[in-house]
Structure formats: C-alpha cells, structure tokens
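# Notes for the structure review
Listed below are the residues making up each chain.
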Amino acid sequence: DTAVSQTPKYLVTQMGNDKSIKCEQNLGHDTMYWYKQDSKKFLKIMFSYNNKELIINETVPNRFSPKSPDKAHLNLHINSLELGDSAVYFCASSPNIGITDTQYFGPGTRLTVL
Amino acid sequence: GEDVEQSLFLSVREGDSSVINCTYTDSSSTYLYWYKQEPGAGLQLLTYIFSNMDMKQDQRLTVLLNKKDKHLSLRIADTQTGDSAIYFCADSNSGYALNFGKGTSLLVTP
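Residues numbered from 1 in each chain as written. Chains lettered and ligands numbered in written order. Predicted model: local features only at pLDDT ≥ 70, side-chain atom pairs only at ≥ 80, totals over all residues. Heavy atoms only, no water.

### Section: the interface of chain A and chain B
As a reminder, the rule being used: Any two residues whose heavy atoms approach within 4.5 Å are treated as being in contact. Buried area: the sum, over both parts, of the accessible surface (1.4 Å probe) that disappears when the two are put together. For this analysis, a salt bridge means a side-chain nitrogen from Lys or Arg found within 4 Å of a carboxyl oxygen belonging to Asp or Glu. What counts as a helix is a DSSP run of H or I of at least four residues, what counts as a strand is a run of E of at least two, and both are numbered from the N terminus.
Facing 21 residues of chain A, the contacting portion of chain B comprises 21 residues. Buried surface at the junction of chain A and chain B, both sides included, amounts to about 1,800 Å², of which 64% is carbon and sulfur. Where chain A touches chain B, the interface holds zero salt bridges. At the level of elements, β4 (31-37), β5 (43-50) and β6 (53-57) of chain A are the ones that each hand at least two residues to the side of chain A that touches chain B.

Next comes the structure, spelled out in structure tokens:
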C-alpha cells in the first residue's frame, strides 16, 4: 500500500563502487524526483522526470545517472562512489509537473560510503 | 536558487503553542508547503497554502502567509511530544521542484 517506496533503505559501500537505488510509486503520477539530504539535513533537488523525460538536472556530477524505465519508476545509479556522496536520498512523485502539484516523498535511502 | 530561510531550533513545553517561521525570496511561488520529518523517517506533507490566501487552518495547525513580506509561519496548538521533529518550509523552485529551507528542529519537553 506504500505510495512511494524506495529500496534499499540502507546502503553501506566502499568508495569507488557503483550502486543503484530504486524508487517506485503506485499513485499514477507522471512526475518523479530525486532529492539529496546531507548530514546537516539540508534538502536539495537533484533530478526530475516527467513521463520518463528528464526535466531537471541540478548540476549533479555525471557519476549520477537517473533512469526511468516507465512512469512509475525512477532509479538512481551512482558510479565511482565518493565519501561526499554519503547522504539520505529521497524519491518523490507528483501528479504532474507544475507548481500546483503536491509532492509525496518516499521513506529515504541512507547511503554511507566508507 | 532562491533562498528559503528558517530558524534552526525551537523548544517548547508540552501543551504550549509552537510557532515556526520561514522567509522566502521567490515571489513567483504559488504554493508554499510545510513538511515534517520525524527522526529516521521520510518527509510527510503537513499542509500547504496557496499564495492568494492569508491563513489556512487544519485542526491544530495554522499557517499564516504575509506575501508582501514573504513570510510564512506554522503554528501548532497544544503541542505534544509526538510533534517533536524537523519542520521544513518549502516553496516551488520555478514550478518544477521544491526549494527547501534548512529545517527547524522542534523539541517538545514534558
């Protein structure tokens, strides 16, 4: 019944590795997002996809590659992980893209890079 | 991006009212939001207000918006220990994504 789900919830890995985080929403929304929350709890948009098309890429290193196989999924693949990538990553979705649409967030994935 | 500013900490006694303040700079924001994050949990949408409204009340929550001063506040009446969390103010970043403040940590003491 979870509206926006993410896997895994926790991810601990070594520097230099490649990892993926998956996100799925069952709300029938057209737009999905990835946000990063750093150790100081500061939340910042990373990417937004609308109907599988990339809308926003907020100066995120190209080691981060989002992939949207369909409207209900937006996965985040990270290459060559660095210590600074340690954060909580939140997926979100909204009915459509636009200022009137409320975003619903997943539970977050806590990534720790050692 | 445009800035959203909040005070970082607030401590209140159980049963008192809490007021969390926020200022924003993006005058084109049509909706402004309050999200709650409990320890170790995700973000929960608490409430939002349309920019042509001055006030919105939802049970114990009251949102006040002063569009001229770009000031938003969230009042929680009869604050309970379960209200202890981080509260994020957000506006819409050019209509495509949320632009969050740094969050206000609310501590409710018995």
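Anyway, onward from the coordinates.
### Observations regarding the confidence of the model for chain A
Selection rule: Confidence per residue, as judged by the predictor, is encoded in pLDDT with a range of 0 to 100.
For chain A, the mean per-residue pLDDT works out to 90, and 95% of the residues sit at or above 70. Here β6 of chain A stands out as the element of chain A with the lowest mean pLDDT, 81, in contrast to strand β3 (residues 19-25) of chain A, whose mean of 97 is the highest.

### A word on the side chain of D30 of chain A
For D30 of chain A, the position within the fold is in the loop between β3 and β4. Among residues more than four places away in sequence, those in contact with D30 of chain A are Y49, N50, N51, K71, S94, P95 and N96 of chain A.

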